Amino acid sequence: MVTHMKEARRMPGAEWLKNHPRWLERAYLLSKRAITKAYPVMKRIHPRFANWLMVRSEKVLKGWVFNCQMCGQCILHSTGMTCPMNCPKNLRNGPCGGVRPNGHCEVIPEMPCVWVQAWERSQKMLIFADDIKVIQPPVNRTLQDESAWVTMIEGRDVQTPKGWG
Amino acid sequence: MRDLTTPPRSRLERVLRSGRFAVTAELDAPDSADPNDVYQNALVLAEVCDAINATDGAGANCHMSSMGCCALLTRAGYEAVLQMGCRDRNRIAIQGDLLGAAAMGVRNVLCLTGDDVSAGDQPEAKRVFDLDSIQLLQVARMMRDRGVLLSGRKLRTPPQFFLGAVENPFAPPFDWRPLRLEKKVRAGAEFIQTQYCFDVPRLQQFMRRVRDLGLHERVYILVGVGPIRSHKAAEFMRDRIPGVWIPDAVIQRMAKTPKAQQAEEGKRICIEIIQQVREIEGVAGIHVMAYRQEEAVAEVIQRAGLLPRRPRRDWDRISRMNRMDQVIQTTKTNSVDFVHSV
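Everything quoted here is computed from the prediction, not taken from an experiment. (Residues numbered from 1 in each chain as written. Chains lettered and ligands numbered in written order. Predicted model: local features only at pLDDT ≥ 70, side-chain atom pairs only at ≥ 80, totals over all residues. Heavy atoms only, no water.)

Novice: Talk me through the overall build of chain B; I want residue IDs and the actual numbers.
Specialist: Scanning chain B from N- to C-terminus turns up 13 helices and eight strands. Out of the 342 residues belonging to chain B, those deemed buried represent 58%. Contacts in chain B between residues far apart in sequence, at least 24 positions, make up 78% of those at least 6 positions apart. Only carbon and sulfur atoms are counted for the fraction: they give 50% of the accessible area of chain B, which is about 14400 Å². (Helix = DSSP H or I, 4+ residues; strand = E, 2+ residues; numbered from the N terminus. Buried < 20%, exposed > 50% of the residue type's maximum accessible area, 1.4 Å probe, protein only. Contact = heavy atoms within 4.5 Å. Areas by Shrake-Rupley, 256 points an atom, 1.4 Å probe, with all protein chains shown as cover.)

Novice: Break down the nonpolar core for me, with residues and values.
Specialist: Among the nonpolar cores identified, the biggest contains 93 residues, and B:Ile52, B:Leu203 and B:Ile286 are the most heavily contacted of them. The residues contacting B:Ile52, other than those within four sequence positions of it, are B:Ala25, B:Leu27, B:Ala42, B:Leu45, B:Ala46, B:Leu73, B:Tyr78, B:Glu79, B:Ala80 and B:Val81. If you look at the next biggest cluster of nonpolar residues, it comprises 20 residues, including A:Val99, A:Cys105, A:Trp119 and B:Ala171. (Core = buried A, V, L, I, M, F, W, Y, C linked by side-chain atoms within 4.5 Å.)

Novice: Describe unusual backbone geometry, naming the residues involved and giving the relevant values.
Specialist: For the peptide bond that leads from B:Pro172 to B:Pro173, omega is -5°, which places it in the cis range. Mapping B:Pro173 onto the fold places it in the loop between β5 (162-167) and α6 (177-187). Omega for the bond connecting B:Leu307 with B:Pro308 falls within 30 degrees of zero, at 0°, which places this linkage in the cis form. Along the polypeptide, B:Pro308 turns up in the loop between α11 (294-303) and α12 (314-333). Residues other than glycine seldom take positive phi values, yet A:Met70 does so here, at roughly 55°. Turning to its location among the elements, A:Met70 is positioned in the loop between α3 (47-66) and α4 (114-124). On the accessibility criterion, A:Met70 (4% relative accessible area) is buried. The backbone phi angle of B:Phe129 is positive, close to 45°, even though this residue is not glycine.

Novice: A description of the sheet that holds strand β3 (residues 80-85) of chain B should follow, citing residues and the corresponding values.
Specialist: Residue and element names in this part refer to chain B. Ordered in space as β1-β2-β3-β4-β5-β6-β7-β8, the eight strands form a closed barrel in which the pairing is parallel. Going from strand to strand, the sheet's axes swing by 30° on average, the running direction of each strand aside. Of the strands in this sheet, β1 (22-27), β2 (51-54) and β3 are in contact with helix α3 (residues 66-75), which crosses β3 at around 165°. Relative to the sheet, helix α5 (residues 133-145) contacts β3, β4 (108-112) and β5, its axis offset from that of β5 by approximately 175°. (Pairing = 2+ DSSP bridges. Axes fitted to C-alpha atoms, helices over the stretch in contact; angles between N-to-C directions.)

Novice: Explain α6(B) residue by residue, including any values.
Specialist: Across the 11 residues of α6(B), 10 count as buried, placing the element largely inside the fold. Listed as buried for α6(B) are B:Arg177, B:Pro178, B:Leu179, B:Arg180, B:Leu181, B:Glu182, B:Lys183, B:Lys184, B:Val185 and B:Ala187. Buried residues belonging to α6(B) abut α4 of chain A together with α5, β5, β6 (191-196), α7 (200-212) and β7 (220-225) of chain B. One or two residues past the end of α6(B) sits B:Gly188, with phi positive at roughly 135°.

Novice: Outline the interface of chain A and chain B, listing residues and values.
Specialist: The partner chain B presents 37 residues to the 35 residues of chain A that form the contact. Where chain A abuts chain B, roughly 3000 Å² becomes buried across the two surfaces, and 59% of that area is made up of carbon and sulfur atoms. In terms of surface lost to chain B, no three residues of chain A exceed A:Asn93, A:Trp119 and A:Trp164, which account for 20% of the buried area on that side. The interface formed by chain A and chain B contains one salt bridge. B:Asp130 is the partner of A:Arg141 in a salt bridge, and the nearest nitrogen-oxygen pair spans 3.0 Å. Taken together, the links from chain A to chain B amount to 21 residue pairs in polar contact (both at pLDDT 80 or more). Grouping the constituent residues of the side of chain A that touches chain B by class yields 19 nonpolar, nine polar and seven charged. (Buried area = accessible area lost by both parts, 1.4 Å probe. Salt bridge = Lys/Arg side-chain N within 4 Å of Asp/Glu carboxyl O. Polar contact = N/O pair within 3.5 Å; in protein donor to acceptor, adjacent residues only side chain to side chain. Nonpolar A, V, L, I, M, F, W, Y, C, P; charged D, E, K, R; others polar.)

Novice: Give a description of the packing of helix α10 (residues 262-278) of chain B against α11(B) that names residues and reports values.
Specialist: Residue and element names in this part refer to chain B. Running from amino to carboxyl end, α10 crosses α11 at an angle of 45°, the nearest separation of the two axes being 9 Å. What the angle tells us is that α10 and α11 run oblique. Read as a crossing pair, α10 and α11 show a hand that is right-handed. Contacts from Glu264, Lys267, Cys270, Ile271 and Ile274 of α10 reach α11 at Ala296, Glu299, Val300 and Arg303. Tallied by class, residues from the contact of α10 with α11 come to five nonpolar, no polar and four charged. (Parallel < 35°, antiparallel > 145°, perpendicular 65-115°, else oblique. Left-handed = near helix turned anticlockwise from the far one by under 90°.)

Novice: Report on the environment of B:Arg208, specifying residues and quantitative values.
Specialist: Here B:Arg208 is to be found in helix α7. In this structure the C-alpha to C-alpha distance between B:Arg208 and B:Ile280, which are 72 residues apart in sequence, comes to 9.1 Å.

Novice: Requested: an account of the side chain of B:His63, with residues and values cited.
Specialist: Here B:His63 is to be found in the loop between β2 and α3. In contact with B:His63, other than residues within four places in its own chain, are B:Ala29, B:Pro30, B:Asp31, B:Ala58, B:Tyr291 and B:Arg292.

Novice: Got a sec to walk through the packing of aromatic side chains? Specific residues and values, please.
Specialist: By the definition in use, this model includes six aromatic pairs over all chains. Aromatic side chains A:Trp115 and B:Trp176 sit 5.6 Å apart centroid to centroid with 40° between the ring planes, which places their arrangement in the tilted category. Taken as a pair, A:Trp115 in helix α4 and B:Trp176 in the loop between β5 and α6 lie in two separate chains rather than in one. On the accessibility criterion, A:Trp115 (2% relative accessible area) is buried. When its relative accessible area of 2% is taken as the criterion, B:Trp176 is described as buried. (Phe/Tyr/Trp six-rings, centres within 6.5 Å; stacked < 30°, edge-to-face > 60°.)

Laid out in structure tokens, this is it:
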């Protein structure tokens, strides 16, 4: 990659996985079930270690597959298993108007537009294909660098400001 | 589209509701602290359009703010459209600016994401993008309809906005664009302004899909058009301005024309596009953009047969011209007095 921007980092093998989002959909459902069961137990044994482990493993795993930016409020299943925080404009609701004719990013010309890919991949999905139409609330910046798994279990990732809707 | 029995929130909304083919024009914010620079451009545009749209750091280049331009325009009685981009402000500034604009008499707000800083003259700047355009739309709608800030705090007087959004039918992913438009309508968009249209077949394709979704009955769509100054300008726009798509046929047509007549050819292309766009079902009007060529905009609108814009009594116009002269006179002598003169 020519660019220095962290949004453009792509790890080997990750693109193949994301282009087959049906596997990831299932993995999402399974991991969600496993983590919801395991985390409260782990937390009772050693709360700090449990949290540390979640953050570390999320950074490594999601970092490898999705180039996760650790926004702490994961919506991957509603964005075609493509991380919207990889969009240099951090858009959560779809592409901007600056997508190049070849489908690449306005800001990083070497990188395919995150949302072009998100749309293509969401069309291949079985369970969450229509979730891309959901209006996503503003990002809660206080959750940055927290584990999205933990915030999901605690329900903090879906809390929206009072004046939102 | 709102219940038509409710009173319109702005003059632009009234024009659109009436079913007349609407015309809005873009005012290029000056690189100046002189209000006359805004008024000189506005004088040309006001006679040929229903609302003047002031850009918000277009192409990520720094100019007078859209807020400033709109405040000046509303003071002189013009119908202004405020552009509110997400590139330069976080949510706190956005909500504050929306209240300020409403207090200054701005009734139309165009919510957009904004070109990235890398496109402009200060690429070292920090990009903000705290909200995206759809979130911005919803925040503005909640401020208006529920009278609350994003935090939930109550507003004593909620702003009255006619909310707009932008869409680019000429950029991929093409099959998602109409659905994304639907998302914007759901978030609160009441009118839509598109990116420059130089490719009518693609617009027709987009509009077909929009009609299938029934969106043309829920939102007013203004198609962006504009005259190209020269062959070189066309190439510049295609290569350097994000999101502008100019087909090779148009570029070649410009290239084939001798240099002296290129400006005329650009206007002719624009007029042809306007005439084709008018025929498309679901298009409610046009938005004319041309960087620093207000006279060309006026000429294009006139030659496309879109004048007069408003059945206006003569005295109304004369009194307005007089008032403008007065404004310009006072600002020339003392710009502080100007605040109180209008």
